[in-house]
Amino acid sequence: MYTPAITGTGVFTPDAVVTNAELVETFNAYVDLYNAENADAIEAGTIVAKEHSSEEFIFKASGIEQRYVMDKTGILDPKVMHPLLRQRSDDEPSLMAEMALDAANKALKAAGKTAADVDAVICAASNLERAYPAVAIEIQDLLEINGFAFDMNVACSSATFGIQAAADMVRSGSIRSALVVNPEICSAHLEWRDRDCHFIFGDVATATLIERAEDATGAYFEVKSTRCATEFSNNIRNNNGFLRRSRPDGVADRRDMQFMQNGRKVFKEVLPMVADHVASHMADTNVEAADLKRIWLHQANKSMNDFIGRKVLGRTPEPGEQPNVLQDYANTSSAGSIIAFSKYSDDLQDGDTGLICSFGAGYSVGSVIVQKHG
Ligand code: COA
């Protein structure tokens, strides 16, 4: 048995930023166009007029101030309302592979390693841009990694589930190291015309290098323990899939082919699930709240994170104990907790313990207890 450790992380952040002000201006222009085009039906009562969004609501309900996206021109065009992402030819790197590559190279550099030191790639994300060949194998090829690669999807929990898979393989000795990459193009599965959720997501890619602790060249985070859990729920759902073209019912236009959620129910049901999960994981690992120097949570909603932070620590977290990045990145699905970990973990001291936790569709929840060495 070997001790698995996180030896490096990396974050790819897209260049384009969409502020709440830009987002709301576009959304409201779209609403005005929609209501004007459907004025007769609205007057007749057969169509319900759409309502304006507001910056105040978005910030108050979520804590989000802006998001990074792969393309803002389409998102901010009231007549388009989705990103315009050029179809790549089969001879070019796919978009997800390109994003992941940047994050992976940063993680390798942070760990003082090269691709020659890596045995496996896991691409864990909430959507994959094609069915096969696996995006992970393309990333493996682009990095010239020997070994194997595979894709996996557990929605917002993909990163922690991927870390568990990698850490278990490192622990057992079947591999020496793995890159877990999380390229999240959430802007392409968000319905930007839906007022209830148009502000939620952003794009990013993260990478985490997991190695044997003995192979670390500098400071590292030992993966002390991981725990994953799932419970089926329809409250966060995206029905898009490979069967859509086989169905005779005009699926292309259906709202359920993009991200759907019953946000209130998610809020109410996921919070206790996460709180219980983390409490039992900590108890079984003999980790007390007082032992935790930092918690890096999934970044979906500030109130949710504040609540979980209070539950886990048994008090209101001090500034910096539970860092949020969602004000800048919005919800980046599986990548959120890893962005927070990557940006806010260098200052921890030798022996400090922390908790990475993600949760989301499925429902799914994954927690990783780490301890700094060096
Ligand atoms: N602008 C202005 N008003 C808006 C609005 C917008 N963009 N969107 C909704 N509203 C209105 C609603 O119409 C509603 O009005 P009403 O009270 O008159 O009916 C009111 O604001 C409250 O809406 P609600 O959807 O209940 O807000 P909320 O406080 O629950 O916040 C979420 C919405 C989505 C931010 C919140 O429920 C959430 O974060 N849930 C969990 C999400 C999550 O973790 N998802 C996982 C994704 S991976």
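Residues numbered from 1 in each chain as written. Predicted model: local features only at pLDDT ≥ 70, side-chain atom pairs only at ≥ 80, totals over all residues. Heavy atoms only, no water.

K.L.:
Please provide a residue-by-residue account of the pattern of salt bridges, values included.
P.N.:
Within this structure, the stated rule accounts for 17 salt bridges. Its salt-bridge partner being Arg255, residue Asp194 comes within 2.9 Å of it at the nearest N-O pair. Of this pair, Asp194 sits in the loop between β6 (177-185) and β7 (203-212) while Arg255 sits in the loop between β9 (236-237) and β10 (260-261), and the two are 61 residues apart along the sequence. Judged by relative accessible area, Asp194 falls into the partly exposed class, the value being 21%. According to the relative accessible area criterion, Arg255 is partly exposed, its value standing at 26%. (Salt bridge = Lys/Arg side-chain N within 4 Å of Asp/Glu carboxyl O. Helix = DSSP H or I, 4+ residues; strand = E, 2+ residues; numbered from the N terminus. Buried < 20%, exposed > 50% of the residue type's maximum accessible area, 1.4 Å probe, protein only.)

K.L.:
Can you break down the site of the ligand residue by residue, with the values?
P.N.:
Near the ligand there are 19 residues, and of these Ser53, Arg195, Gln261, Arg264 and Asn301 occur at the shortest range. At 2.7 Å from an oxygen atom of the ligand is found a side-chain nitrogen or oxygen belonging to Asn301. Across the complex, the protein chains shield 72% of the 970 Å² of accessible surface that the ligand would expose by itself. Of all the elements in the fold, those that place two or more residues in the shell around the ligand are α3 (55-62) and α7 (263-284). It is α7 that contributes the most residues to the shell around the ligand, four residues altogether. Split by residue class, the shell around the ligand holds nine nonpolar, seven polar and three charged. (Near = heavy atom within 4 Å. Polar contact = N/O pair within 3.5 Å; in protein donor to acceptor, adjacent residues only side chain to side chain. Areas by Shrake-Rupley, 256 points an atom, 1.4 Å probe, with all protein chains shown as cover. Nonpolar A, V, L, I, M, F, W, Y, C, P; charged D, E, K, R; others polar.)

K.L.:
Quick rundown of the sheet that holds strand β11 (residues 292-297)? Include the residues and the values.
P.N.:
One open sheet holds the nine strands; their spatial order is β5-β4-β6-β7-β1-β8-β13-β12-β11, and the pairing between them is mixed. For this open sheet the edge positions go to β5 (148-152) and β11, each flanked by a neighbour on one side alone. Averaged over all pairs of adjacent strands, the angle between their axes in this sheet comes to 25°, without regard to strand direction. Looking at chain direction, strand β4 (residues 120-124) and β5 are connected through five bridges and run parallel. Bridging across to β5, Ala120 finds its partner in Phe148. Helix-sheet contacts for helix α4 (residues 95-111) involve β1 (4-12), β4, β6 and β7, and the interaxial angle to β1 is about 130°. Helix α10 (residues 336-343) contacts β1, β6, β7, β8 (220-230), β11, β12 (353-360) and β13 (364-373) of the sheet and is inclined by roughly 100° relative to β1. (Pairing = 2+ DSSP bridges. Axes fitted to C-alpha atoms, helices over the stretch in contact; angles between N-to-C directions. Contact = heavy atoms within 4.5 Å.)

K.L.:
Explain the nonpolar core residue by residue, including any values.
P.N.:
If you look at the biggest cluster of nonpolar residues, it comprises 46 residues, and the most contacted ones within it are Val274, Leu292, Val312, Leu355, Cys357 and Phe359. At the level of elements, β2 (16-19), α1 (20-37), α7, β11, α8 (302-313), β12 and β13 are the ones that each hand at least two residues to this core. Not counting the four nearest positions on each side in its chain, Phe359 is found in contact with Cys156, Ser157, Val270, Val274, His298, Met304, Asn305, Ile308, Ser364 and Val365. Formed by 34 residues, the second largest nonpolar core is a distinct cluster that contains Met152, Val154, Ile210 and Ile339. (Core = buried A, V, L, I, M, F, W, Y, C linked by side-chain atoms within 4.5 Å.)

K.L.:
Kindly report on unusual backbone geometry, identifying the contributing residues and their values.
P.N.:
Residues Tyr132 and Pro133 are joined by a peptide bond in cis, for which omega reads 0°. The topology assignment puts Pro133 in the loop between β4 and α5 (135-143). Tyr363 follows Gly362 through a cis peptide bond whose omega is -10°. Relative to the helices and strands, Tyr363 resides in the loop between β12 and β13. Non-glycine residue Ser333 carries a positive phi angle of around 50°. Structurally, the position occupied by Ser333 is in the loop between α9 (326-329) and α10.

K.L.:
Tell me about the side chain of Thr160, residues and numbers included.
P.N.:
Mapped onto the fold, Thr160 is located in helix α6 (residues 158-172). A relative accessible area of 1% means that Thr160 is categorised as buried. Separated by 2.6 Å, the side chains of Thr160 and Ser358 make a polar contact. For Thr160, the contacting residues outside a window of four places in its chain are Cys228, Ile356, Ser358, Gly366 and Val368.

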